[in-house]
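A closer look at the structure
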Amino acid sequence: LREDSTMTVSSEQLELLIEPYQLSPEAAAYVRAVRASPPARQVTSTHVRNTPWRYASRKMGCSISAESSLEKTFLVHCEYDDDVIEYWDQPCTVLLAYQNAKRHWHRSPYTPDVLVLRKTHIEVIQVKPSVVCEKLVKERPGRWKMCGNRFEDTAADRYFETIGLRHVVVSEKDICPLMAENATLLLQARHCHC
């Protein structure tokens, strides 16, 4: 692994990680494509509650974008989480298939919020407030469900599972408020010119 936590993993180091990650060829190709491409889409404000954010990441060595304060909280947490090697906002778009409310099969493009390379595994992350997830579970039961205390986007889970990556829905319930607040303060302090 890299020694300097202020830089991303080199291509050569990534290749050394792929073997312990035990990635399928398709998963490795997806990770390489995300790392080699700009964000799949530009973060913009499209909803009343949507607040775009951008900040300079020391860990990633580039600007990171978030389309909501919840997503920013998750990304800032990644910035200071020692288990996170890299995190890439707006990774490559994929095409999902799922049944709509009328039980017809539907295809839809999907751009995850973050691709996270951890020391032991890789996760594809979708960040959504729990109230939005609850609404989706009711309105799109062919795609969304509640499993225990976690929300699942079954179409995204299924797609990424077929290529050998783990897809996770993260809500505010999954983020420790104290850690998130501390990470935000650290980010603010980093930019202070006192």
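Cut-offs and rules
Residues numbered from 1 in each chain as written. Predicted model: local features only at pLDDT ≥ 70, side-chain atom pairs only at ≥ 80, totals over all residues. Heavy atoms only, no water. Core = buried A, V, L, I, M, F, W, Y, C linked by side-chain atoms within 4.5 Å. Buried < 20%, exposed > 50% of the residue type's maximum accessible area, 1.4 Å probe, protein only. Contact = heavy atoms within 4.5 Å. pLDDT = per-residue confidence, 0-100. Pairing = 2+ DSSP bridges. Helix = DSSP H or I, 4+ residues; strand = E, 2+ residues; numbered from the N terminus. Axes fitted to C-alpha atoms, helices over the stretch in contact; angles between N-to-C directions. Expected span 1.5 Å × (residues − 1). Phe/Tyr/Trp six-rings, centres within 6.5 Å; stacked < 30°, edge-to-face > 60°. Parallel < 35°, antiparallel > 145°, perpendicular 65-115°, else oblique. Left-handed = near helix turned anticlockwise from the far one by under 90°. Arc of directions from axis to C-beta.

Let's shift gears to the nonpolar core. If you look at the biggest cluster of nonpolar residues, it comprises 45 residues, and the most contacted ones within it are Leu23, Tyr30, Phe74, Tyr87, Leu115 and Leu165. When residues no more than four places from it in sequence are discounted, the contact partners of Leu115 are Tyr30, Val31, Val34, Glu86, Tyr87, Trp88, Pro91, Ile122, Glu123 and Val124. Core analysis: the second largest hydrophobic core is formed by five residues, Cys133, Leu136, Phe151 and Val169 among them.

This next bit is on the confidence of the model for the protein chain. When pLDDT is low, close inspection of the predicted coordinates is not appropriate. Chain-level pLDDT for the protein chain is 84 on average; 81% of the residues reach the 70-or-more range. For residues 1-6, every residue scores under 50 in pLDDT, and the model assigns this stretch 16 contacts once sequence neighbours within four places are set aside.

On to the sheet that holds strand E3 (residues 84-89), then. Pairing is mixed across the open sheet formed by four strands, whose spatial order is E3-E6-E7-E10. Each edge of the open sheet is held by one strand with a lone partner, namely E3 and strand E10 (166-170). Neighbour to neighbour, the strand axes of the sheet diverge by 25 degrees on average, direction disregarded. In this fold helix H1 (residues 11-21) packs onto E3, strand E6 (114-118) and strand E7 (122-127), with an angle of close to 80 degrees to the strand it touches most, E6.

Next up on the list: helix H3 (residues 69-80). Its twelve residues give H3 an end-to-end C-alpha distance of 17 Å, which sits within 8% of 16 Å, the value for a rise of 1.5 Å per residue. Of all twelve residues in H3, nine are buried, a share of seventy percent or more. Among the residues of H3, Leu70, Glu71, Lys72, Phe74, Leu75, Val76, His77, Cys78 and Glu79 are the ones counted as buried.

In this sheet, strand E5 (residues 105-110) lies alongside strand E4 (residues 94-99) in antiparallel orientation, the contact comprising six bridges. Following the sheet pairing, Val94 is matched in E5 by Tyr110. Linkage of E4 to E5, two consecutive antiparallel strands, is achieved through a turn of five residues, within which Arg103 is found at a positive phi near 65 degrees.

In this structure the tally under the stated criterion is two aromatic pairs. Between Tyr30 and Phe160, the aromatic rings sit 5.4 Å apart at their centres with planes inclined by 70 degrees, giving edge-to-face as the arrangement. Of the two residues, Tyr30 is situated in helix H2 (residues 25-36) and Phe160 in helix H5 (residues 154-163); the sequence distance between them amounts to 130 residues. A residue is classified by how much of its surface remains accessible, and Phe160, at 0% relative accessible area, is buried. Within the aromatic cluster, the residues linked to one another by ring pairs are Tyr30, Tyr159 and Phe160.

Before going further, it helps to examine the packing of H1 against H2. To describe two helices that pack against each other, one gives the angle between their axes and the distance between the axes. The geometry of H1 relative to H2 is characterised by a closest axis approach of 12 Å and an angle of 160 degrees between their N-to-C directions. Between H1 and H2, the crossing angle belongs to the class labelled roughly antiparallel. Every pair of crossing elements has a handedness; the one defined by H1 and H2 is right-handed. In this structure, H1 uses Ser11, Leu14, Glu15 and Ile18 to contact H2, whose residues at the interface are Ala28, Val31, Arg32 and Arg35.

Turning next to H2. Between its first and last C-alpha atoms H2 spans 16 Å; for twelve residues at 1.5 Å apiece the expected length is 16 Å, and the two agree. Within H2 the residues assigned to the buried category are Ala27, Ala28, Tyr30, Val31, Val34 and Arg35. An end-on view of H2 places all buried positions within 160 degrees of arc, on one side of the element. The exposed set on the far side of H2, more than 90 degrees from its buried face, consists of Pro25 and Ala36. In this fold, the buried residues of H2 make contact with H1, E3, E4, E6, E7 and H5.

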